[in-house]
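# Report on the structure
Spelled out, the chains give:
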Amino acid sequence: GFAPWREGCDDPDLRRRVHWASVKTYRRAIEKVYRCYDCEVARILDVCRQALYFASVKDLLACLDTISADPDVRLCRVFNRLRPDFDSTESAGYRDLMLNLRIDTAA
């Protein structure tokens, strides 16, 4: 099953399988603010990003349930390229589900 990271971070096997993504570079963030967001800095939402891969839609849904049940996570935006009416010719056949999350913790 899926669990919040705080419940599995002490597992050495799990720690070996996780490959943390890097934070967006300062240069790329500034470029995106100028090119995509008309200099509105508050619109950049993907400074820190991570990718998850699933063997099945069932696994994806289980993970989404875990994320949505976490009291420290706020779901800010969902972009669903898996939905049936999404025209995948616009993305060269690429499909995914993109979430923008905000993590609110005391630490």
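This write-up is about the structure you can find in this document. From a predicted model like this one, the values you see are computed outputs, not experimental measurements.

When helices and strands are tallied, the protein shows 4 helices and 2 strands. Overall size of the protein, expressed as C-alpha extent along the three principal axes, is 40 × 40 × 25 Å. When the 107 residues of the protein are sorted by exposure, 18% land in the buried category. Residue pairs at least 24 apart in sequence account for 47% of intrachain contacts in the protein once pairs closer than 6 positions are excluded. When the accessible surface of the protein is summed, it comes to about 8900 Å², and 55% of that surface belongs to carbon and sulfur atoms. One finds the centroid of the 18 positive side-chain charges in the protein at a distance of 5 Å from the centroid of its 17 negative side-chain charges.

Within helix α3 (residues 26–36), burial applies to Ala29, Lys32 and Val33. Down the axis, α3 shows its buried residues gathered within 100° of arc, on one side only. Exposed residues pointing more than 90 degrees away from the buried face of α3 are listed as Arg27, Tyr34 and Arg35. In the segment just after α3, aspartate 38 is the residue with positive phi, at about 50°.

Rules behind the numbers
- Residues numbered from 1 in each chain as written.
- Predicted model: local features only at pLDDT ≥ 70, side-chain atom pairs only at ≥ 80, totals over all residues.
- Heavy atoms only, no water.
- Helix = DSSP H or I, 4+ residues; strand = E, 2+ residues; numbered from the N terminus.
- Buried < 20%, exposed > 50% of the residue type's maximum accessible area, 1.4 Å probe, protein only.
- Contact = heavy atoms within 4.5 Å.
- Areas by Shrake-Rupley, 256 points an atom, 1.4 Å probe, with all protein chains shown as cover.
- Lys, Arg positive; Asp, Glu negative; His and termini not counted.
- Charge placed at Lys NZ, Arg CZ, Asp CG, Glu CD.
- Arc of directions from axis to C-beta.

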